[in-house]
Amino acid sequence: MFKGLFQTKSPVKNEKLEFDISDLDMNNIPKHIAIIMDGNGRWAKAQGKVRTFGHQKGAETLKTIVRAADAIGVKAISAYAFSTENWKRPITEVNFIMDLLSRYLTSEIQEFNENNVQVRFLGSREGLPPVVIEKMDNAIRETKNNTGIILNLAINYGGQAEILQAVQSIAQEAKDGSLDVSAIDKQVFEDHLYTAGLPAPDLLIRPGGDLRISNFLLWQIAYAEIWTTKTYWPDFTPDHLVEAILAYQGRERRFGGLVEKK
């Protein structure tokens, strides 16, 4: 998306987006950004509307942010769309979200392909409506050859459940004799996670004002920089994304070590 627009430090302008990247260090852009898309329901309530209206607006925001992230040079976005705990919500809201996912994965395929977006998914398929699974499979199939930004949608995802399924899978392979216990290391474990083959997130963004990670990518965000804002997700803009990346660029990433002062 928008390739070739970033040869100079100037505002990004086109018919859909307008935001300023002049303060960004384009050589230090996070490769992988994880986003907890929080605050849809509270945003809708503040507008005097039902919670489902917020989820609809949140889906539109995601499309805008993926475009902006790709334009800046981010390689992957992992977005928390529906957690394993979200099944506890009212059935009408759950059904709306499932229908929204189905419609989103139908209506956006052409745009994904036009903009070279590869779609992937994180989470368990158990309990998901067959139509959603069908749309997920179709999205994977239709975008698998795209080489631009990767959009990971976390649907029916929980970090603890992911770790447990990885452990179970590794244990079964060890039991079957296809994996030597002494060979189990960090790389083997990560190869059994939903994010296998992707770099760990450099930056975790949480809109909505809450200060917790909500069971999202527990293993993967071990050393991610965390940036929060009170802005609800439907109001999150490319300018907020730039602000988050600027904060990321202003931090020293020590990974448990020390950074020598020059």
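From a predicted model like this one, the values you see are computed outputs, not experimental measurements.

Parameters and conventions
- Residues numbered from 1 in each chain as written.
- Predicted model: local features only at pLDDT ≥ 70, side-chain atom pairs only at ≥ 80, totals over all residues.
- Heavy atoms only, no water.
- Buried < 20%, exposed > 50% of the residue type's maximum accessible area, 1.4 Å probe, protein only.
- Helix = DSSP H or I, 4+ residues; strand = E, 2+ residues; numbered from the N terminus.
- Right-handed = clockwise from strand over helix to strand, strands pointing away.
- Axes fitted to C-alpha atoms, helices over the stretch in contact; angles between N-to-C directions.
- Parallel < 35°, antiparallel > 145°, perpendicular 65-115°, else oblique.
- Left-handed = near helix turned anticlockwise from the far one by under 90°.
- Contact = heavy atoms within 4.5 Å.
- Pairing = 2+ DSSP bridges.
- Polar contact = N/O pair within 3.5 Å; in protein donor to acceptor, adjacent residues only side chain to side chain.
- Phe/Tyr/Trp six-rings, centres within 6.5 Å; stacked < 30°, edge-to-face > 60°.

Enquirer: So, the pairing of strand β5 (residues 118–122): which residues are in play, and what are the values?
Expert: Where burial is concerned, most of β5 is hidden: four out of the five residues are buried. For the crossover from β5 across helix α5 (residues 130–143) to strand β6 (residues 150–157), the handedness is left-handed.

Enquirer: Tell me about the packing of helix α2 (residues 51–72) against helix α3 (residues 91–107), and please be specific about residues and values.
Expert: It is the contact of α2 with α3, at a shortest axis distance of 10 Å, that shows an interaxial angle of 30°. One way to sum up the angle between α2 and α3 is to call them roughly parallel. You can see that α2 and α3 cross each other, and the crossing is right-handed. When α2 is examined against α3, the residues R51, T52, H55, Q56, A59, L62 and K63 are found in contact with a partner set consisting of E93, F96, I97, L100, R103 and Y104.

Enquirer: Can you lay out the pairing of strand β8 (residues 225–228) for me, pointing to particular residues and giving the numbers?
Expert: Here β8 shows a buried face lined by E225 and W227 and an unburied face lined by I226 and T228. The sheet contact formed by strand β7 (residues 203–206) and β8 spans four bridges and is parallel. Looking at β8, one finds that R206 is bridged to T228.

Enquirer: Can you lay out the side chain of Q249 for me, pointing to particular residues and giving the numbers?
Expert: As for its placement among the helices and strands, Q249 is situated in helix α8 (residues 238–249). In terms of polar contacts, Q249 uses its side chain to reach the backbone carbonyl oxygen of D25, at 2.8 Å. In contact with Q249, other than residues within four places in its own chain, are D23, L24, D25, N28 and I29.

Enquirer: Please provide a residue-by-residue account of the environment of A200, values included.
Expert: Relative to the assigned elements, A200 resides in the loop between α7 (186–190) and β7. On the accessibility criterion, A200 (41% relative accessible area) is partly exposed. Distance in space between the C-alpha atoms of A200 and Y223 is 8.4 Å, their sequence separation being 23 residues. The residues contacting A200, other than those within four sequence positions of it, are H32 and Q220.

Enquirer: Residues and numbers for the packing of aromatic side chains, please.
Expert: Within this structure, the stated rule accounts for ten aromatic pairs. Summarising the aromatic geometry, the rings of W43 and F53 are spaced 5.6 Å apart at their centres and angled 10° between planes, so their arrangement reads as stacked. Taken together, the positions of W43 in helix α1 (residues 40–46) and F53 in helix α2 put the pair ten residues apart, joining distant regions of the chain. Residue W43 is classed as buried on the basis of its relative accessible area, which comes to 7%. Judged by relative accessible area, F53 falls into the partly exposed class, the value being 36%. Taken together, a centroid distance of 4.9 Å and an interplanar angle of 80° make the contact between F82 and W87 edge-to-face.

Enquirer: How would you sum up the sheet that holds β8? Please name residues and give values.
Expert: Strand order in this open sheet of six strands is β5-β6-β4-β3-β7-β8, and the pairing throughout is parallel. Both edges of this open sheet fall to β5 and β8, since each of them pairs with a single strand only. Strand after strand, the sheet turns through a mean of 20° between neighbouring axes, direction not considered. The pairing of strand β4 (residues 76–83) with β6 spans seven bridges and is classified as parallel. Counted as the bridge partner of F82 is I155 from β6.

Without other data, these values stay purely geometric and don't point to any function.
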